Amino acid sequence: MTLDRRDLDGRTRDDLLRAGLEADGVHLVRYADRWPLPGTRAERRAVRGVVTWLGLAALFGIGFFVVYLAWPYRYPADGYELYTPLLGITGGGCVLLLAVAVIRYSQRFLPEEVAVQERHDDPSGEFDRTTTSALVTDTVRRAGLPRRRLVIGMAGGVVAIPVLGTLLAAVGGLIRDPWRQPPADTVWHSGWYTTGERVFLRRDVGDPHKVELVRPADLDAGAIETVYPFRESDRGDPEKLAAVFDRGDTPAILIRLRPGQKVDAKPGQDHDNVGEYYAFSKLCTHLGCPVSMFEQQTDRLVCPCHQSQFDVLQSCTPIFGPAARPLPQLPIAVDETTGSFYATGDFRQPVGPEFWELGWQ
Ligand code: FES
């Protein structure tokens, strides 16, 4: 059946809806309002149910904002970091509860409809578009949306929350905290930087809060040990004591050469060692893997990732593999009082791969 614009004008919405369905091969078996009498107690109860779900969604949405803006996001020295789980619970809960509210609204207010439709392939014409529009408009009217401003308002507000949250997440990292003080510790130096206080060499004993300093007698000839920085001022601070193990640029290898061996020091680094004890960065200058194997017979440090080898007696110059730069040396001395090693300064060169800290000063 083909109808033009004149045939459509003057028809009621209900006529258009049914005519459109019939023309499209849809047989409407049942089509009834859920609430034929508006304003009944049962209808108001149904509205309150939907509003409750929307209210819960709004609470979770607000919780998402509060967590995003106010919850501490840095990992603590110990304990469990709740920032990410809380973001997931509040953000996901908001979307889930909003979906529940939409489903409940559909169940309670959209017309009860049973229809059987045949499928066809051609694109929709003017008639189909007009009648479909009538169907949608009719559904909205029968669902009572124009009368339920509270539900529409709350739904709009709750939908806006995840949209705003997404925008906030996108630009939040670009907003500067105006009260933040510049950190004393910056990317321009490693964790061994000194500000006048001695930075001792400590070993990792498995408990970040237990401090064990390294002394010359701790290493046999030909032995190596991984060491991390320690400042006396950090002793009572669990976060700082643990942070040195998380920081990527701090690990260094303390090496005790065999008697009679000596490193061919680079210019200006003749006094960076204590006798046969030398310290170098543990980060491979190729891609930053930990250089963790020492070949005692050849005095080479070997990186397990791509087999770069560094000749310790040549100030850890690479002699095999893809690494192109020597491991930076850490200048060390022995504290007269405690007998422990300390660093007399930061690494002489930037640590890690070439692309790290390119602007090293
Ligand atoms: S990271 Fe060490 S050789 Fe590639």
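Criteria and thresholds
Per chain, residue numbering runs from 1 following the sequence as it is written. With pLDDT at 70 or above as the cut-off, local features in this predicted model cover only qualifying residues; side-chain atom pairs require 80 or more to be listed or tallied, and sums for whole chains, interfaces and linings still use all residues. Every helix listed is a DSSP run of H or I at least four residues long, and every strand listed is a run of E at least two residues long, numbered separately from the N terminus. Note that the radius of gyration is over C-alpha atoms, with the globule rule given as 2.2 Å times the number of residues to the power 0.38. The burial label depends on the number of other C-beta atoms within 10 Å of a residue's C-beta. Counts of 20 or more mean buried, 12 or fewer mean exposed, and intermediate counts mean partly exposed, with C-beta atoms placed from the backbone. We call two residues in contact whenever the C-beta atoms placed from their backbones are within 7 Å. UniProt positions are given in the numbering used here, feature names are shortened, and annotations may be inferred rather than shown by experiment. Each residue after the first adds 1.5 Å to the expected span of a helix. Domain delimitation follows an automatic or database domain assignment. What pLDDT reports is the predictor's confidence in each residue, on a scale of 0 through 100. Should DSSP find at least two bridges between two strands, the strands are regarded as paired. Structurally, a nonpolar core is described as a collection of buried Ala, Val, Leu, Ile, Met, Phe, Trp, Tyr and Cys residues joined by way of C-beta atoms within 7 Å. Orientation is described by axes fitted as lines to C-alpha atoms, over the contacting stretch for helices, and by angles from 0 to 180 degrees between their N-to-C directions. An angle counts as roughly parallel when it lies under 35 degrees, as roughly antiparallel when it exceeds 145, as roughly perpendicular when it falls between 65 and 115, and as oblique in every other case. Handedness of a helix crossing follows the sense of rotation of the near helix relative to the far helix, less than a right angle counterclockwise being left-handed and clockwise being right-handed. Residues are grouped as follows: Ala, Val, Leu, Ile, Met, Phe, Trp, Tyr, Cys and Pro are nonpolar; Asp, Glu, Lys and Arg are charged; all remaining types, including Gly, are polar.

**Quick word on the overall build of the chain**
- Assigned secondary structure in the chain consists of seven helices and 12 strands.
- Taken over C-alpha atoms, the radius of gyration comes to 36 Å for the chain, far larger than the 21 Å a tight globule of 361 residues would show.
- Dimensions of the chain, computed from C-alpha atoms along their principal axes, come out at roughly 105 × 45 × 35 Å.
- Residue burial in the chain is summarised as follows: out of 361 residues, 25% are buried.
- Considering only residue pairs separated by 6 or more positions, the chain has 66% of its internal contacts joining residues 24 or more positions apart.

**Considering the UniProt feature "transmembrane region" (unreviewed entry) in the chain**
- The residues that UniProt annotates with the feature "transmembrane region" (unreviewed entry) are residues 50-71, 83-103 and 150-175.
- With 100% helix and 0% strand, residues 83-103 has its two end C-alpha atoms placed 30 Å apart.
- Along residues 150-175 one finds 88% helix and 0% strand; the C-alpha atoms at either end are 35 Å apart.

**Section: helix H3 (residues 41-70)**
- Under the 1.5 Å per step criterion, the end-to-end length of H3 is 42 Å for 30 residues, consistent within 8% with the ideal 44 Å.
- For H3, the complete set of buried residues consists of Val50, Trp53, Leu54, Ala57, Ala58, Phe60, Gly61, Phe64 and Val67.
- Turning to H3, the residues buried within the fold contact helix H4 (83-109) and helix H6 (149-172).

**Comments concerning the domain arrangement of the chain**
- Taken as a whole, the chain is organised into domain 1 (5-172) and domain 2 (199-343).
- Computed from C-alpha coordinates alone, the two centres of domain 1 and domain 2 are separated by 62 Å.

**Description of helix H5 (residues 126-142)**
- When the terminal C-alpha atoms of H5 are compared, their 24 Å separation across 17 residues agrees well with the 24 Å that a helix rising 1.5 Å per residue should span.
- Here the buried face of H5 lies against helix H2 (13-23).
- Note on H5: the residue one or two positions beyond its end, glycine 144, has a positive phi of about 75 degrees.

**A short note on the UniProt feature "domain: Rieske" (unreviewed entry) in the chain**
- The feature "domain: Rieske" (unreviewed entry), as given by UniProt, occupies residues 249-341 in the numbering adopted here.
- Secondary structure content for residues 249-341 is 0% helix and 29% strand, while the C-alpha to C-alpha distance between its ends is 19 Å.

**Concerning the confidence of the model for the chain**
- Residue-level pLDDT values for the chain average 87, and 93% of them are 70 or greater.
- Note on residues 357-361: pLDDT is under 50 here. Beyond four places in sequence and across chains, it has five contacts.

**Remarks on the pairing of strand E3 (residues 199-202)**
- Of the two faces of E3, the one lined by Val199 and Leu201 and the one lined by Phe200 and Arg202 are each fully buried.
- Pairing of E3 with strand E12 (residues 341-343) involves two bridges; the strand directions are antiparallel. Directly across from valine 199, in E12, lies its bridge partner alanine 343.
- Pairing of E3 with strand E4 (residues 224-230), which is carried by three bridges, proceeds in the antiparallel orientation. Across the sheet, residue arginine 202 finds its bridge partner in E4, namely tyrosine 228.

**Looking at the nonpolar core**
- Grouped together as the largest cluster of nonpolar side chains are 36 residues, with contacts concentrated most on Leu201, Ile253, Leu254, Ala279, Phe280 and Leu330.
- Elements supplying a minimum of two residues to this core: E3, E4, strand E5 (252-256), strand E6 (277-281) and E12.
- Every residue in contact with leucine 254, bar those within four places of it in the chain, is listed here: Leu201, Val214, Leu219, Ile224, Glu225, Val227, Tyr277, Ala279 and Phe341.
- Counting 19 residues, the second-largest nonpolar core is a separate cluster that includes Ala57, Phe60, Tyr105 and Ile161.

**Some words on the packing of H3 against H4**
- It is the contact of H3 with H4, at a shortest axis distance of 8 Å, that shows an interaxial angle of 165 degrees. With respect to H4, the axis of H3 lies roughly antiparallel. In the packing of H3 onto H4, the handedness of the crossing is left-handed.
- When its residues are assigned to classes, the contact of H3 with H4 shows 18 nonpolar, six polar and two charged.

**Here's the deal with unusual backbone geometry**
- One non-glycine residue with positive phi stands out, namely aspartate 299, at about 55 degrees.
- Within the secondary structure, aspartate 299 sits in the loop between strand E7 (293-295) and strand E8 (300-302).
- Residues other than glycine seldom take positive phi values, yet glutamine 307 does so here, at roughly 65 degrees.
- Classification of glutamine 307 by C-beta neighbours within 10 Å gives partly exposed; the count is 13.

**Re the environment of valine 151**
- Counting through the fold element by element, valine 151 comes out in helix H6.
- Residue valine 151 is classed as partly exposed on the basis of its C-beta count, with 19 C-beta atoms lying within 10 Å.
- Separated by 48 residues in sequence, valine 151 and valine 199 have C-alpha atoms that sit 63 Å apart.
- If near-sequence neighbours (up to four positions away) are discounted, valine 151 is found in contact with Val47, Val50 and Val51.

**Quick notes on the sheet that holds E12**
- Strand order in this open sheet of six strands is E6-E5-E4-E3-E12-E11, and the pairing throughout is antiparallel. Strands at the two margins of the open sheet, each flanked by one partner only, are E6 and strand E11 (332-334). Taken pair by pair, the neighbouring strands of this sheet meet at an average axis angle of 40 degrees, ignoring direction.

**Some thoughts on the packing of H3 against H6**
- Following both chains from N to C, one finds H3 and H6 inclined at 20 degrees, their axes separated by 9 Å at the closest point. In terms of orientation, H3 lies roughly parallel with respect to H6. Here H3 and H6 pass one another in a crossing that is left-handed. Residues Val47, Val50, Val51, Leu54, Ala57, Ala58, Gly61, Phe64, Phe65 and Tyr68 of H3 lie in contact with H6, whose contacting residues are Leu150, Val151, Met154, Ala155, Gly157, Val158, Ile161, Pro162, Gly165 and Leu168.
- Among the residues forming the contact of H3 with H6, the class breakdown is 17 nonpolar, three polar and no charged.

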